[in-house]
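Here is what each chain is made of, one letter per residue.
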Amino acid sequence: MILTVLFWIFVAVVAIQFLYYIIVFGKFSFVKAKKNNLKKIPISVIVCAKNEAENVAKFIPLLAQQDYPDFEIILIDDASNDATLDIFEAFEKEYSNVRLVKVENNEAFWGNKKFALTLGIKAATKEYLLFTDADCYPTSPNWIAEMSSNFTMQKTIVLGYGAYDKIPKSFINKIIRFETLLTAVQYFSWARIGKPYMGIGRNLAYKKEEFFNVNGFIDHMRILSGDDDLFINQAANHKNTTICYTPESFTSSEPKTTYGDWFTQKRRHVSTATYYKAFDKIQLSLFFLTQLLMLLLPIVLLAFQFQWIAVVSLVVFRYLFTWVSLGFGAGKLNEKDVMFWYPIIEIVLIFTQLNIFITNLFSKPVHWK
């Protein structure tokens, strides 16, 4: 009797996974890319840095070399104690379109990136804002042009893709890039459905009025992370949000090189999801729960040799449709190579997410710097 119940739960899990991967994720994975007409609207590129001297020295010149007629770069130094401010001051002298915002330590907002970003947004002279992180770089000189081409009178929030550099023969690199791919497929798909729930600060654009319409970060200022996803969760809707995934619109970052460092980074990212809207928390929780059950239930059923032909058939069917869906998504985001390791990486991710959930219950992750 118990095994029969578990079997039908397993059937329901496969059905829910099909809905996610084919119906929901298919809204991104199977859509045909379309070319937007390039626009020349004025853009403020905003970069907030804290103790990022090495990265900003490498990457800010790439921003300055963007092929775009009207843009400024707002460099925010968030009370760094290394050479970041000196480098920013040198860039301000070298490039006429660079503006520097210096943030002093504030007792009420100490170490809060949202406070620093707020000052940068207020200092921006353009109405359209494009964000990236200090450890990121655009993969094309047309990054600004591609992201800004998605703005319309109605679409005032643009969600982009932030990739990670590929490291040959590194399995942890493949795990990081697969997780980034899966996350992007999720938030791109839900945005296309009309239920945008997050974006990433490595590649995100919005009109300044969207920031002030929700009083900036004020509703979640006490939460030290979430300047990207919590803001989007609050401000984005089916009318004002669109996505950009042309290869020239990507940014890239140097990934973590050890599992421990990546685990710590993911703890910070996951911690903000508890503050999402109810629907978003439910759909994300359901997706993870079915992922976990998809792994555990077949093991139990096969251990007792219960309906093993049906169980194996369902497992094979599930891997086929997930591979197809994610494969098409990976093709759009230039991440096809990680799909060869998909079954193994998925198992690692499931237990990593479970570990993160349990760990975050007992201790809060450290945010910003």
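As the structure is a computational prediction, the values presented were derived from the model and not from experiment.

J.: So, the pattern of salt bridges: which residues are in play, and what are the values?
T.: Taken as a whole and judged by the stated rule, the model has ten salt bridges. Overlapping salt bridges, with partners in common, bring together Lys 166, Arg 177, Glu 335 and Asp 337 in one network.

J.: Before we move on, could you go through the pairing of strand S8 (residues 204-207) and cite the residues and values that matter?
T.: The side-chain alternation of S8 yields two buried faces, one formed by Leu 204 and Tyr 206 and the other by Ala 205 and Lys 207. Bridge count for strand S6 (residues 157-159) against S8 is three bridges, and the pairing is antiparallel. Bridge pairing links Leu 159 to Leu 204 in S8.

J.: Now, about the state of the cysteines: what can you tell me, with residues and values included?
T.: What we call a disulfide is simply a covalent bond connecting the sulfur atoms of a pair of cysteines. Using the criterion set out here, one finds zero disulfides in the structure. Among the cysteines around Cys 48, which has no disulfide bond, Cys 136 carries the closest sulfur, lying 12 Å off.

J.: Describe unusual backbone geometry, naming the residues involved and giving the relevant values.
T.: Located in the positive-phi region is Gln 307, a residue other than glycine, with phi close to 50°. Secondary-structure assignment places Gln 307 in the loop between helix H11 (278-303) and helix H12 (308-332). Accessibility expressed as a relative area gives 45% for Gln 307, which makes it partly exposed. Located in the positive-phi region is Asn 334, a residue other than glycine, with phi close to 60°. Its place among the elements puts Asn 334 in the loop between H12 and helix H13 (342-362).

J.: Account for helix H5 (residues 113-123), with residues named and values stated.
T.: With eight of eleven residues buried, H5 is to be regarded as a mostly interior element. Considered for burial, the residues of H5 that qualify are Lys 113, Lys 114, Phe 115, Ala 116, Leu 117, Thr 118, Gly 120 and Ile 121. The backbone nitrogen of Lys 114 lies 2.9 Å from a side-chain oxygen of the residue at the head of H5, namely Asn 112.

J.: Explain the environment of Thr 84 to me, using residue names and the numbers behind them.
T.: With respect to the helices and strands, Thr 84 occurs in helix H4 (residues 84-94). Given a relative accessible area of 0%, Thr 84 falls into the buried group. Distance from Thr 84 to Ala 57, taken between C-alpha atoms, is 8.3 Å for residues 27 residues apart in sequence. In this structure Thr 84 touches Ala 49, Asn 51, Glu 52, Ala 53, Val 56 and Asp 77, once residues within four positions along its chain are discounted.

J.: I'd like a description of the packing of helix H7 (residues 171-193) against H11, backed by residues and values.
T.: Viewed as axis vectors pointing N to C, H7 and H11 meet at an angle of 140°, and their least axial separation amounts to 13 Å. As far as their axial angle goes, H11 and H7 are oblique. Of the two elements, H7 crosses H11, and the hand of that crossing is right-handed. Packed against H7, whose contacting residues are Leu 182, Gln 186 and Trp 190, the element H11 presents Phe 279, Gln 283, Leu 284 and Phe 287 at the interface.

J.: Please provide a residue-by-residue account of the sheet that holds strand S1 (residues 43-49), values included.
T.: The sheet built from seven strands is open, its strands ordered S3-S2-S1-S4-S8-S6-S9 with mixed pairing. Only two strands of the sheet have a single neighbouring strand rather than two, namely strand S3 (98-103) and strand S9 (241-243). The average undirected angle you get between the axes of adjacent strands in this sheet is 20°. Along the sheet face, H4 touches S1, strand S2 (71-78) and S3 and points at about 150° away from the line of S3.

J.: I'd like a rundown of the sheet that holds strand S10 (residues 251-253), residues and numbers included.
T.: With mixed pairing, the three strands of this open sheet are ordered in space as S5-S10-S7. Edge positions in the open sheet fall to strand S5 (136-138) and strand S7 (162-164), since each of these has one partner strand only. Adjacent strand axes in the sheet meet at a mean angle of 35° when their direction is disregarded. As judged from the three bridges shared by S7 and S10, these two strands associate in the parallel manner. Paired with Gly 162 across the two strands is Thr 251, which belongs to S10.

J.: Residue-level account of the environment of Ala 116, with values.
T.: When you line up the elements, Ala 116 lands in helix H5. Separated by 37 residues in sequence, Ala 116 and Ala 79 have C-alpha atoms that sit 9.1 Å apart. Here Ala 116 is in contact with Cys 48, Ile 76, Asp 78 and Val 103, once residues within four sequence places are set aside.

J.: Go over the side chain of Ser 44, please, and point to the residues and values.
T.: The residue Ser 44 is located in strand S1 in this model. At a separation of 2.6 Å, a polar atom in the side chain of Ser 44 contacts the side chain of Glu 72. Excluding residues within four positions of it along the chain, Ser 44 makes contact with Glu 72, Ile 74, Ala 124, Thr 125, Lys 126, Tyr 128, Leu 129 and Leu 130.

J.: Give me the packing of helix H1 (residues 2-24) against H7: which residues, what numbers.
T.: For any two helices packed against each other, one specifies the crossing angle of their axes together with the interaxial distance. For the pair H1 and H7, the least separation of the axes is 10 Å and the interaxial angle reads 70°. Between H1 and H7, the angle falls in the class roughly perpendicular. Here Tyr 20, Tyr 21 and Val 24 of H1 come into contact with H7, specifically with Leu 182, Ser 189, Trp 190 and Ile 193. For the contact of H1 with H7, the class distribution of residues is six nonpolar, one polar and no charged.

Reading guide: rules and limits
- Residues numbered from 1 in each chain as written.
- Predicted model: local features only at pLDDT ≥ 70, side-chain atom pairs only at ≥ 80, totals over all residues.
- Heavy atoms only, no water.
- Salt bridge = Lys/Arg side-chain N within 4 Å of Asp/Glu carboxyl O.
- Buried < 20%, exposed > 50% of the residue type's maximum accessible area, 1.4 Å probe, protein only.
- Helix = DSSP H or I, 4+ residues; strand = E, 2+ residues; numbered from the N terminus.
- Pairing = 2+ DSSP bridges.
- Disulfide = S-S within 2.5 Å.
- Polar contact = N/O pair within 3.5 Å; in protein donor to acceptor, adjacent residues only side chain to side chain.
- Contact = heavy atoms within 4.5 Å.
- Axes fitted to C-alpha atoms, helices over the stretch in contact; angles between N-to-C directions.
- Parallel < 35°, antiparallel > 145°, perpendicular 65-115°, else oblique.
- Left-handed = near helix turned anticlockwise from the far one by under 90°.
- Nonpolar A, V, L, I, M, F, W, Y, C, P; charged D, E, K, R; others polar.

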